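A look at the structure
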Amino acid sequence: MDLVFGLLWLLTVFLEGVYCQGVYASPTVRIVHSGHACNIEEERYTERVYTIREGETLELTCLVTGHPRPQIRWTKTAGSASDRFQDSSVFNETLRITNIQRHQGGRYYCKAENGLGSPAIKSIRVDVYYLDDPIVTVHQSIGEAKEQFYYERTVFLRCVANSNPPVRYSWRRGREVLSQGSDKGVEIYEPFFTQGETKILKLKNLRPQDYANYSCIASVRNVCGIPDKNILFRLTNKTASPTIKLLGDDPVVVNPGQTVTLVCIASDREPTPTLTWVRNTETLPEKSVLNGGTLTLPAVTSEDAGVYSCVANNNVGNPAKKSTTVVVRALKKGRFWITPDPYHNDDNIQIGREVKISCQVEATPPEELMFSWLKNGRALRSSERMVITQTDPDVSPGTTNLDIIDLKFTDFGTYTCMASLKGGGIPEISIDVNISSTTVPPNLTVPRGKSPLVTQEGDTVELQCLVSGKPKPIILWSRADKEAPMPDGNMQTESYDGILRIVNVSREMTGSYRCQTSQYNGFNVKPREAIVELIVQYPPTVEPVFTEIRQGLARTFPMSCRVLRAHPSRVLKYEWRLGSRLLNAGQFDSQDETEYSVRSLSREGYGEYSCDIINEAGAGRCSFLVTGKAYPPEFYYDTYSPLWQNRPRVYAFKLQWTQMNPNAVDRIMAYRLGIRQTGQQRWWEQEIPIEGMIQKGELITYNLTELIKPEAYEVRLTPITRFGEGDSTIRIVKYSAPINPHLREFHCSFEEEPICMFTQEKSDDFDWTRHSAATRDTKYTPNTGPSSDRSGSKQGFYMYIETSRPRMEGDKARLLSPTFNIAPKNPYGTTNSAYCFSFYYHMYGKHIGTLNAYLRLKAQTMTESPIWTLSGNQGDRWKQAKVNIHPTAAFQMVLEGVRGPGIEGDIAIDDVTIEEGECGDPPPNLRSSAPSNAPPICHLCVTLLLALFVNRR
């Protein structure tokens, strides 16, 4: 007996686990398409291809199953570009790209994940079709035989158009269609290496009749409705490649502020060439003015200098190109250095020794640069003791030197280096250098107390090196401890006073900084240098920064705050608070975290707890929000047949959900249900009481009734505990159920203009018409057609065939449903491919023809089989047709109306439905708060064990 009770207990535990967890499911995903696709190749072994015309709208919808509701993310890898589209991912179910362009073709991925199992990923390749205007280019070859007196001229006309799919070309001369062999003087071929990218028309040994108008027609065979495009080329005895000439000097040398005009003239050739200007393969300056072949550059600056090229192109032969250089005269960056006598190991200047003064200037153009030297304001000429030279431009361009041999006391003074350009117009640059007994090499020191320098993150800090010597050189700052840029982004920072100022210093700037003398504007000697240590203190970095903790009353739980980084890292203190009330305080020893426990949580214990960890630089804070709010409910989107119609004007919806982490807080006593029509402001609310504890994964059901067709509703669900209201969840309930990933239910009442993605067959005789009885004109078709839609509303819409003239007996109108994918295989390898196809029809009138329904399978070869047919007058009322279908591949439904012998033969259809499973009755109007999907095997186990228990007794 104890064994039986034990087995019953184990089974109860097992069933509770199955009961609670069975509703949770990892995601599945499927991509469906709408928009303006012109061709879709359905599921194949390798990929799905969606073809769309450039400029149309791409619309892909990612349909998912799984509970909790999976999060959806669209990404892309491209055929022509590898970046993510729109520089980001899209987190909506529907990916919509208006005016799609060719570079947006590629493979699009939909990824769905809900934290259970592996993410589900599906992809579809989007192929964008386009056809650009063709371009004709002309080339000619001229051959002369040495021993004969004839002159051969062969012309090649090459036609190229960018397209997808590959283009087909055809040629015409005037109105004559040219083909291979139609004219001995004409040859048409495709070069092997172009792989169909071009078609060349070869005119051999040009004849008088070959001077004509030639048309190249580019075609992609009207795929996606892309029309053919053509271009006309006129071949005459003046047809030739362009030649050009430039007027003016080369180079063009100007002063800043002047206006430069470049003139390009093309020869008289046919076709007339187009002239364009480019600069160093870059774009022209924004202020440029173009007028035909004339380029004007007003108020030029040094940035406008460069090589400017004129290019002439008429698609005959090679483009002609000629260039000129614009040089803007300038002088800049004057600097000097003093070099002591190189034959003595001494950096000081001494009487009786040699000293050299060097002066350098950047000049444009460099050949116009002129130097002169002054001593104390008087001109200085080169002599045996005062030697003036210029350095080789390849070694040090723009440099002049003054060598003073055997320095004397009388040589002390101020030496001035003067730089100018020939012709003037540019201000001179003068550089003064003082040579005296006080001219000494530099020396660098760090002031006392300035290294190491301790500061706090966010402050402004000044690193300082004292420089002595005359003249004082420029100081260069750089990182001494690692190869890293300075705070301004450069590898070196110049300073004229020896101070490096850093604003808003950060912890990454801690380290060693080198200050060293520059050889410019100083002595050309080995650089002097010094090191400054910078220490940046910063407050502790802690984790977690913020955590929400949900707990029920009377529970005990810990909170922990951990130090990740801090400087200084010793002498750390901590303080725990609830609001402003101090709970605990202390000091760290060797550990890097502190913990605080709440024992038997009371109502006063709810609130925001903080832990401050403190050092000299400040505090880092961990925050914990302790609340009794319940987690949000999780709507269940995979309900089987959630929507049904129980009265003509209203519908009902089976709302199902689970509760996220129901045991985290106090028992949920009720749910507040809010509902409102989409677009309205006012919520209607009621409470749904809950008895007992909700288990994790327990599926709760509540039927929404009296919903008005065809309105959509916003539904809000809020859990309530003794703490109060928890987090809410909102979803949309729609009357027209969407097409689910593996088609659980599809319903269309034709109330909206897109007619649920139904399409008209292109090869039939006429089309179905969407209409309502309120607007239907019965002047010419009395005694036929419905007086309302299937629900009895005169404002409701339906589809019908209009059999008035010019329709003839036997004409057919065919309406195609969207393409549906069948349900995936279950774990046992079988497919449940039974569906119930139903619709309402109205066939009233003495000339009624026939209404047919077909099942079209879209496998490797498309097949179509009849499943239902009816002919003749069926009376002035709506009737329902139901038929079971068993597709084995992706499928469409086809509804075909056939015109009878006269005009009183209108046939109408409404409320087309496809449901998974055999045809049956609508679902009952139930109200339940218990799980609805526990496996039947569990009930069998209970029955067997109870029977065993009774028999043992």
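Residues numbered from 1 in each chain as written. Predicted model: local features only at pLDDT ≥ 70, side-chain atom pairs only at ≥ 80, totals over all residues. Heavy atoms only, no water.

Within the chain, the regular secondary structure consists of two helices and 70 strands. The burial tally for the chain puts 46% of its 953 residues in the buried class. Surface exposure of the chain reaches about 49,900 Å², of which carbon and sulfur atoms provide 49%. (Helix = DSSP H or I, 4+ residues; strand = E, 2+ residues; numbered from the N terminus. Buried < 20%, exposed > 50% of the residue type's maximum accessible area, 1.4 Å probe, protein only. Areas by Shrake-Rupley, 256 points an atom, 1.4 Å probe, with all protein chains shown as cover.)

Okay, the pairing of strand β65 (residues 835–843) next. Most of β65 sits inside the fold, with nine of its nine residues counted as buried. Looking at chain direction, β65 and strand β68 (residues 879–885) are connected through seven bridges and run antiparallel. Its bridge partner being in β68, Y841 is matched across the sheet by K879. Both β65 and strand β70 (residues 907–916) contribute to a ladder of eight bridges, which runs antiparallel. Paired with Y835 across the strands is E916, a residue of β70. (Pairing = 2+ DSSP bridges.)

Attention now moves to the sheet that holds strand β20 (residues 260–266). Here four strands make up an open sheet; going across it, the order is β18-β20-β23-β22 and the pairing antiparallel. Looking at the sheet topology across the chains shown, the edges are occupied by β18 (244–247) and β22 (289–291). Neighbouring strand axes in the sheet, compared pairwise and without regard to direction, differ in orientation by 15 degrees on average. (Axes fitted to C-alpha atoms, helices over the stretch in contact; angles between N-to-C directions.)

Enumeration over the complete set of coordinates arrives at 41 salt bridges. In this structure, R385 engages D411 in a salt bridge whose closest nitrogen and oxygen atoms are separated by 2.8 Å. With a gap of 26 residues between them, R385 in the loop between β29 (378–380) and β30 (386–390) and D411 in the loop between β31 (399–404) and β32 (413–421) connect regions that are remote in the sequence. With relative accessibility at 26%, the residue R385 sits in the partly exposed group. A residue is classified by how much of its surface remains accessible, and D411, at 2% relative accessible area, is buried. (Salt bridge = Lys/Arg side-chain N within 4 Å of Asp/Glu carboxyl O.)

For the rest of this paragraph, the subject is the sheet that holds strand β16 (residues 213–219). Reading across the sheet, the four strands line up as β13-β12-β16-β17 and stay open at both edges, with antiparallel pairing between neighbours. Each end of this open sheet is capped by a strand with a single partner; those strands are β13 (176–178) and β17 (229–234). Taken over all neighbouring pairs, the strand axes of this sheet differ in orientation by 30 degrees on average, direction set aside. Pairing between strand β12 (residues 168–173) and β16: six bridges, direction antiparallel. Across the sheet, the residue bridging to Y169 is A218, located in β16.

So, on to the confidence of the model for the chain. The pLDDT averaged across the chain works out to 85; a share of 86% of its residues lies at or above 70. Note that pLDDT drops below 50 for residues 922–953; the model gives that stretch 45 contacts with residues more than four away or on any other chain. (pLDDT = per-residue confidence, 0-100. Contact = heavy atoms within 4.5 Å.)

Now for the state of the cysteines. By definition, a disulfide links the sulfur atoms of two cysteine residues through a covalent bond. Inspection of every chain in the model, using the stated rule, returns eight disulfides. Paired by a disulfide, C62 and C110 hold their sulfur atoms 1.6 Å apart. Torsion about the S-S bond of the C62 and C110 cystine: about -85 degrees, corresponding to left-handed handedness. Here C62 is found in strand β4 (residues 58–67), whereas its partner C110 is found in strand β7 (residues 106–113), with 48 residues between them in sequence. In this model, C836 is linked to C919 through a disulfide, with the two sulfur atoms separated by 2.1 Å. A torsion of 100 degrees about the S-S bond marks the disulfide between C836 and C919 as right-handed. Of the two residues, C836 is situated in strand β65 and C919 in the loop between β70 and α2 (936–952); the sequence distance between them amounts to 83 residues. Classification of C836 by relative accessible area gives buried; the value is 3%. (Disulfide = S-S within 2.5 Å.)

This part covers the environment of A480. Inspection of the secondary structure assignment puts A480 in the loop between β38 (475–479) and β39 (493–495). By relative accessible area, which is 27% here, A480 ends up partly exposed. Between the alpha carbons of A480 and S512 there is a distance of 5.2 Å; along the sequence they are 32 residues apart.

This model, assessed by the stated rule, comprises 19 aromatic pairs. Aromatic rings pair up to connect F746, F750, F758, F820, Y835 and F891 into one cluster. The ring of Y637 has R69 lying over it, and the distance from NZ or CZ to the ring centre is 4.0 Å. (Phe/Tyr/Trp six-rings, centres within 6.5 Å; stacked < 30°, edge-to-face > 60°. Lys NZ or Arg CZ within 6 Å of the ring centre and 35° of its normal.)

As a further point, take unusual backbone geometry. With an omega of 10 degrees, the peptide bond running from N164 to P165 counts as cis. Its location among the elements puts P165 in the loop between β11 (163–164) and β12. Here the bond from E270 into P271 is cis, since omega is -10 degrees, no more than 30 degrees from zero. In this structure, N99 is a non-glycine residue whose phi angle is positive, near 50 degrees. Residue class for N99 comes out partly exposed when judged on its relative accessible area of 45%. Notably, D911 is not glycine yet its phi reads approximately 45 degrees, a positive angle. Looking at the element boundaries, D911 is found in strand β70. With a relative accessible area of 8%, D911 lands in the buried category.

What follows is about the nonpolar core. With 34 residues, the main nonpolar core has F750, F837, F839, L851, F891 and I909 as its most contacted residues. Counting residues per element, the ones that place at least two in this core are β60 (745–748), β63 (797–801), β64 (812–816), β65, β66 (850–858), β68, β69 (891–898) and β70. In contact with F837, not counting residues within four places along its chain, are A853, I867, A881, K882, V883, I885, M893, L895, V912, T913, I914 and C919. In this structure, F412, C417, A419 and F523 belong to the second largest nonpolar core, which totals 29 residues. (Core = buried A, V, L, I, M, F, W, Y, C linked by side-chain atoms within 4.5 Å.)

Once that is clear, we can look at the side chain of R329. Positionally, R329 belongs in the loop between β25 (320–328) and β26 (330–340). A distance of 2.5 Å separates the side chain of R329 from the backbone oxygen of K422, its partner in a polar contact. Those residues in contact with R329 that lie beyond four places of it in its chain are V253, V254, N255, P256, T364, P365, E368, L421, K422, G423, G424 and I426. (Polar contact = N/O pair within 3.5 Å; in protein donor to acceptor, adjacent residues only side chain to side chain.)

Regular strands show a simple pattern: their side chains alternate between the two faces of the sheet. Relative to strand β27 (residues 355–364), β26 runs antiparallel, the two sharing nine bridges. The residue bridging W337 from the neighbouring strand is S358, located in β27. Bridge count between β26 and strand β42 (residues 522–523): two bridges; the pairing is parallel. For I338, the partnering residue across the bridge sits in β42 and is F523.

Quick look at the side chain of Q892 now. With respect to the element layout, Q892 can be found in strand β69. At a separation of 2.8 Å, a polar atom in the side chain of Q892 contacts the main-chain carbonyl oxygen of S817. Among all residues touching Q892, those that are not within four sequence positions of it are L816, S817, P818, T819, Y854, L855, R856 and K858.

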